[in-house]
Amino acid sequence: MAEPVLEVSGLVKHYPLTRGVLFRKQVGAVRAVDGVDFTLGRGETLGIVGESGCGKSTVARMLCNLERPTAGAIRYRGEDITRLSGRALKAVRRNIQMVFQDPYTSLNPRMTVGDIIGEPYEIHPEVAPKGDRRRRVRELLDVVGLDPEYANRYPHQFSGGQRQRIGIARALALRPEIVVADEPVSALDVSVQAQVINLMERLQDEFELSYVFIAHDLSIVRHISDRVGVMYLGRIVEIGTDEQIYDHPTHPYTQALLSAVPVPDPDARERRERILLPGDVPSPADIPSGCRFRTRCWKARERCALEVPPLAVPAEFRHDTGPAAHDSACHFAAELRVVPPGERDADGESSTSAY
Amino acid sequence: MLLEVRDLHVEFRTRDGVVHAVNGVTCEVDAGETLAVLGESGSGKSVTAQAVMGILDTPPGRIGGGQVLFRGTDLLTLKEEERRRIRGAEMAMIFQDALSALNPVMTVGDQLGEMFVVHRGMSRKAARAKAVELMDRVRIPAAGQRVGDYPHQFSGGMRQRIMIAMALALEPALIIADEPTTALDVTVQAQVMDLLAELQHEYGMGLVLITHDLGVVADVADRIAVMYAGRIVESAPVHDIYKAPAHPYTRGLLDSIPRLDRKGRELYAIKGLPPNLLAVPPGCAFHPRCPLARDVCRTDVPPPYEVSGTRTSACHFWKECLDGRAGS
């Protein structure tokens, strides 16, 4: 892997649950993020997938320092940014920028697009001297595929896809090294999603960006990511290259998730086997003991309730050099091939067989 | 035929002008059949559903013409009271957002039971028993204990099950589901879609599934109607459309799905933006975004050309599209 730009270890975010007004005492905690580790290489795209409430957005917010972790470290160029404050923190923030999900609420409706994109320069005037800002804003608009003449317009005059381009331009204003994108296309129409994905890929090459790309759409994540991490209830349960995760998943949750994604091919209907998980995701305020997935897992045994499975290459694959040998937090990890999203083989033979 | 919509027009009067949200939609659904209406936001798919159900807000909405034949009767000519009797009992709707579609200050048991009290004149007690039975049918665990709970006490997937239970309560012949699983997570979406398909099969209902998700459509639909700017641009059996689309818009949607063999390359993207309904382009509404567009497309609205006995395409050059000349 490329040299790491971001190293996350033991990241935890707990929100206390309190009772009482006068004597507030803590009665528990929502364990939104409960021990997350990963590294992000230079120029790499790490996709993070998971269902709502799994903590993926909280991770994104902590990476951008919008939220202080309860514990753990986020190292950027070897320095733990969770301990920084003041000037040092400000300098780091310049290099880690965020693109938000909702292009309708993440832009101030009373500011012109030019002011929105140029606002980062107010906070970091060292990046662009005052006289140069107008030119820079116009350049950024051009880079994201909008007419530079639009700088004087307001957000409501743009469509969803155009607004997301504005959000991306704002994130690029300070020439960051890392961009954290939290569901950047899920609010957009299907025909516009592809445009924004293409733009993000082009910008990555042009500005040598590293992406943390958070989404629930597994086929889009596969398209854009070099590596993918799957989150469940505040933890990464499996992480690896896109091929390892999509074609050789070993964690039962990943397998169920992949099998549940509707495949845009009616011929796949009969061939694929769906793994239907029983019930709902447990509350993050009341996480099951041992393996947190065991309450919905068809493989769960006694050991799963007692021991927390570590995120590591499972013992049975330790001497394997194939793609199944990657980090997976399951005591009974085993390969199970499901039709991964995005697979429409030319010969129509996308297998669903379990082996 | 269970439901036939013929040349339906719906318009909205707004401050900025008249919006033609639905512009001559024709489609049909038979008992036991699933018709998927596919379209992006603003394509008119939800407004069509509301007009069929008779729950369109008028004003600002207005039905400008057409027929909605349900078992041969034109619903648009019925009095409101007669429609109300059909709604719920004969045709029911499932909405996208269960939390706002359910009454927050009524227990789910009362909401489900109300259907039987109002339409069937049952006693409260008998209606309650029916509610529990329904909750069991849609596999809500411990239905007997949860019947007195309020909507906010259920998870998203469970609330959607309650919506389905409510739609099924009087065993209607037709169900219209407007993005029933869009707000749900994939694993829960799979549960809910499976349940819906199973119940449809069991009761032999006609199902109109409104969605923007090409994956969901491929999973459950028998036929597809693709909408763009208030019109159905292509209508075909599901296998035909995925194999060889006959309209450039459908082709563009299918081509823009990320696929394994395209990783690392640019995704195919339909150029431009969906049209502003206040200023729909003349001729074919898709022409500014279409790779096949020629002069005739800018002036003449394409009629639904017959591609085969079971499919139509509103494209002057559907033959070229079918041959694969519109794609990436």
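Here the structure is a predicted model, which means the values were calculated and not measured.

K.L.:
For this particular structure, what's the right way to read the overall build of chain B?
P.N.:
The number of helices and strands found in chain B is 13 helices and 12 strands. Taken over C-alpha atoms, the radius of gyration comes to 21 Å for chain B, in line with the 20 Å a tight globule of 328 residues would show. C-alpha atoms of chain B, sized along the principal axes, occupy 65 × 50 × 40 Å. Within chain B, counting contacts between residues at least 6 apart in sequence, those at least 24 apart form 64% of the total.

K.L.:
Help me understand the pairing of strand 6 (residues 96-99) of chain A, please; the structure alone is not making it clear to me.
P.N.:
On any regular strand, side chains alternate: one points to one face of the sheet, the next to the other face. Residue and element names in this part refer to chain A. Here strand 6 shows a buried face lined by Ile 96 and Met 98 and a second buried face lined by Gln 97 and Val 99. Direction of pairing for strand 6 relative to strand 7 (residues 178-182): parallel, over a ladder of four bridges. Residue pairing in the sheet places Val 99 in a bridge with Ala 181 of strand 7.

K.L.:
Help me understand the confidence of the model for chain A, please; the structure alone is not making it clear to me.
P.N.:
As a note on interpretation, predicted positions should not be read in detail where pLDDT is low. Averaged over all residues, the pLDDT of chain A is 88; the fraction at 70 or higher stands at 95%. Counting contacts from residues 344-355 of chain A, a segment whose pLDDT is below 50, to residues more than four positions away or on other chains yields 19 contacts.

K.L.:
Explain the interface of chain A and chain B to me, please; I cannot follow it from the model alone.
P.N.:
When the parts come together, some accessible area is lost, and that loss is often what is quoted as the size of the interface. Of the residues lining the interface, 33 residues belong to chain A; the matching set on chain B comes to 36 residues. Listed by contribution, the elements that provide at least two residues to the side of chain A that touches chain B are helix 6 (190-207), helix 7 (218-224) and helix 9 (252-260) of chain A. In terms of residue count, helix 6 of chain A provides more of the side of chain A that touches chain B than any other element does, six residues in total. Partitioning the side of chain A that touches chain B into residue classes produces 14 nonpolar, 10 polar and nine charged.

K.L.:
Even after reading the chapter, I still don't get the domain arrangement of chain A, so can you show me in this structure?
P.N.:
All names here are of chain A. You can read the domains of chain A as domain 1 (4-21 + 35-225) and domain 2 (250-328). Taking the mean C-alpha position of each, domain 1 and domain 2 sit 30 Å from one another. Contacts between domain 1 and domain 2 engage five residues on the former and six residues on the latter. When its residues are assigned to classes, the side of domain 1 that touches domain 2 shows two nonpolar, one polar and two charged.

K.L.:
Where do I start with the sheet that holds strand 7 (residues 174-178) of chain B in this structure?
P.N.:
Backbone-to-backbone hydrogen bonds join strands into a sheet, with any given pair of strands oriented parallel or antiparallel. All names here are of chain B. Pairing in this open sheet of eight strands is mixed, and the strands run 6-7-8-3-9-10-12-11 from one edge to the other. The sheet terminates laterally at strand 6 (91-94) and strand 11 (305-308), the two strands that pair on one side only. Adjacent strand axes in the sheet meet at a mean angle of 25° when their direction is disregarded. The pairing of strand 6 with strand 7 spans four bridges and is parallel.

K.L.:
What am I meant to see in the environment of Ala 151 of chain A here?
P.N.:
Residue and element names in this part refer to chain A. By secondary structure assignment, the location of Ala 151 is in the loop between helix 4 (133-143) and helix 5 (160-172). Judged by local crowding, Ala 151 falls into the partly exposed class, with 19 C-beta atoms found within 10 Å. Here the alpha-carbon distance between Ala 151 and Ile 220, two residues 69 residues apart in the chain, equals 30 Å. Those residues in contact with Ala 151 that sit more than four places away from it in its chain are Thr 112, Val 113, Gly 114, Val 137, Arg 138 and Leu 141.

K.L.:
Help me out: how do you make sense of the packing of helix 4 (residues 108-120) of chain B against helix 7 (residues 156-168) of chain B in this one?
P.N.:
The relative placement of two packed helices is expressed as an angle between their axes plus a distance between the axes. All names here are of chain B. Interaxial distance between helix 4 and helix 7 falls to 9 Å at its minimum, and their mutual angle equals 20°. On the basis of their axis angle, the class for helix 4 and helix 7 is roughly parallel. Crossing handedness for the pair helix 4 and helix 7: right-handed. From helix 4, Val 108, Gln 111, Leu 112 and Met 115 reach across to helix 7, where they touch Ile 162, Ala 165 and Met 166. Grouping the amino acids of the contact of helix 4 with helix 7 by side-chain chemistry returns six nonpolar, one polar and no charged.

K.L.:
Even after reading the chapter, I still don't get unusual backbone geometry, so can you show me in this structure?
P.N.:
A negative phi angle is the norm for most residues apart from glycine, just as the trans form is the norm for most peptide bonds. Residues and elements named next belong to chain B. Following Thr 58, the chain continues to Pro 59 via a peptide bond in cis, the omega torsion being -20°. Relative to the elements of secondary structure, Pro 59 occurs in the loop between helix 1 (45-53) and strand 4 (61-70). Of the consecutive residues Pro 59 and Pro 60, the connecting peptide bond is found in the cis state with omega at 5°. Along the chain, Pro 60 turns up in the loop between helix 1 and strand 4.

K.L.:
Would you explain the sheet that holds strand 4 (residues 71-76) of chain A in this entry?
P.N.:
Residue and element names in this part refer to chain A. In spatial order, the strands read 2-1-4-5; together these four strands make up an open sheet with antiparallel pairing. Where the open sheet ends on each side, the last strands, each with one partner, are strand 2 (25-41) and strand 5 (79-80). Here strand 4 runs beside strand 5; their pairing, made up of two bridges, is antiparallel. Counterpart to Arg 75 in the pairing with strand 5 is Asp 80.

K.L.:
Help me understand the environment of Leu 218 of chain A, please; the structure alone is not making it clear to me.
P.N.:
In this structure, Leu 218 of chain A sits in helix 7. Distance in space between the C-alpha atoms of Leu 218 of chain A and Val 49 of chain A is 7.0 Å, their sequence separation being 169 residues.

K.L.:
Got a minute to help me understand the environment of Phe 12 of chain B in this structure?
P.N.:
Residues and elements named next belong to chain B. In this fold, Phe 12 is placed in strand 1 (residues 3-14). Its 19 C-beta neighbours within 10 Å are what place Phe 12 among the partly exposed residues. Taking C-alpha positions, Phe 12 is 25 Å from Pro 180, a pair spaced 168 residues apart along the chain. Setting aside residues no more than four positions away along its own chain, Phe 12 makes contact with Val 19, Ala 21, Pro 60 and Gly 61.

K.L.:
Can you walk me through the confidence of the model for chain B in this structure?
P.N.:
Residues and elements named next belong to chain B. Per-residue confidence for chain B gives a mean pLDDT of 89, with 98% of residues at or over 70. In the model of chain B, helix 3 (residues 98-101) stands out as the element of lowest mean pLDDT, 81, in contrast to strand 9 (residues 223-228), which has the highest, 95. Scoring the predicted complex yields pTM 0.85 and, for the interface, ipTM 0.80.

K.L.:
Which parts of the structure should I look at to understand the nonpolar core?
P.N.:
A general feature of soluble globular proteins is that nonpolar side chains tend to end up buried together. Counting residues in hydrophobic clusters, the biggest one holds 190 residues, and the most contacted among them are Val 212 and Val 230 of chain A together with Ala 165, Ile 176 and Ile 224 of chain B. Ranked by the residues each element gives to this core, the list is headed by helix 7 of chain B, at eight residues. Composition of this core by domain shows at least three residues from each of domain 1 (4-21 + 35-225) and domain 2 (250-328) of chain A. In this structure Val 212 of chain A touches Leu 40, Leu 46, Ile 48, Ala 60, Leu 63 and Val 180 of chain A, once residues within four positions along its chain are discounted.

K.L.:
Just to check I follow, could you spell out the pairing of strand 10 (residues 231-237) of chain B for this structure?
P.N.:
All names here are of chain B. Summarising burial for strand 10: six of the seven residues are buried, a large majority. Across six bridges, the pairing between strand 9 and strand 10 is antiparallel. Looking at the pairing, Ala 225 lines up with Ser 235 of strand 10. Hairpin geometry of strand 9 and strand 10 is characterised by an intervening segment of two residues between the two adjacent antiparallel strands and by a positive phi of about 50° at Ala 229. Bridge count between strand 10 and strand 12 (residues 311-313): two bridges; the pairing is antiparallel. Within strand 12, the residue paired with Glu 234 across the bridge is Ser 313.

Parameters and conventions
- Residue numbers here run from 1 along each chain, matching the order of that chain's written sequence.
- Each chain takes a letter, starting from A, and each ligand takes a number, starting from 1, following the order in which they are written.
- Predicted model: local features are reported for residues with pLDDT of at least 70 only, side-chain atom pairs are reported and counted for 80 or more only, and whole-chain, interface and lining totals are derived from all residues.
- Strands here mean DSSP runs of E at least two residues long; helices mean DSSP runs of H or I at least four residues long; both are numbered from the N terminus.
- Restricting the calculation to C-alpha atoms gives the radius of gyration, and the globule rule supplies 2.2 Å times the number of residues raised to the power 0.38.
- Whether two residues are in contact is decided by their C-beta atoms, placed from the backbone, lying within 7 Å.
- With C-beta atoms placed from the backbone, a residue is buried if 20 or more other C-beta atoms are within 10 Å of its own, exposed if 12 or fewer are, and partly exposed between those counts.
- By the convention used here, strands pair only if DSSP detects at least 2 bridges between them.
- Each residue carries a pLDDT value, the predictor's own confidence for that position, ranging from 0 to 100.
- Following the grouping adopted for this structure description, the nonpolar residues are Ala, Val, Leu, Ile, Met, Phe, Trp, Tyr, Cys and Pro, the charged ones are Asp, Glu, Lys and Arg, and the polar ones are all others, Gly among them.
- Marked domain ranges trace back to an automatic or database domain assignment.
- Orientation is described by axes fitted as lines to C-alpha atoms, over the contacting stretch for helices, and by angles from 0 to 180 degrees between their N-to-C directions.
- Roughly parallel means an angle under 35 degrees; roughly antiparallel, over 145; roughly perpendicular, 65 to 115; everything else is oblique.
- Should the near helix be turned anticlockwise from the far one by less than a right angle, the crossing is termed left-handed; should it be turned clockwise, right-handed.
- By definition, a nonpolar core groups buried Ala, Val, Leu, Ile, Met, Phe, Trp, Tyr and Cys residues that are joined through C-beta atoms within 7 Å.

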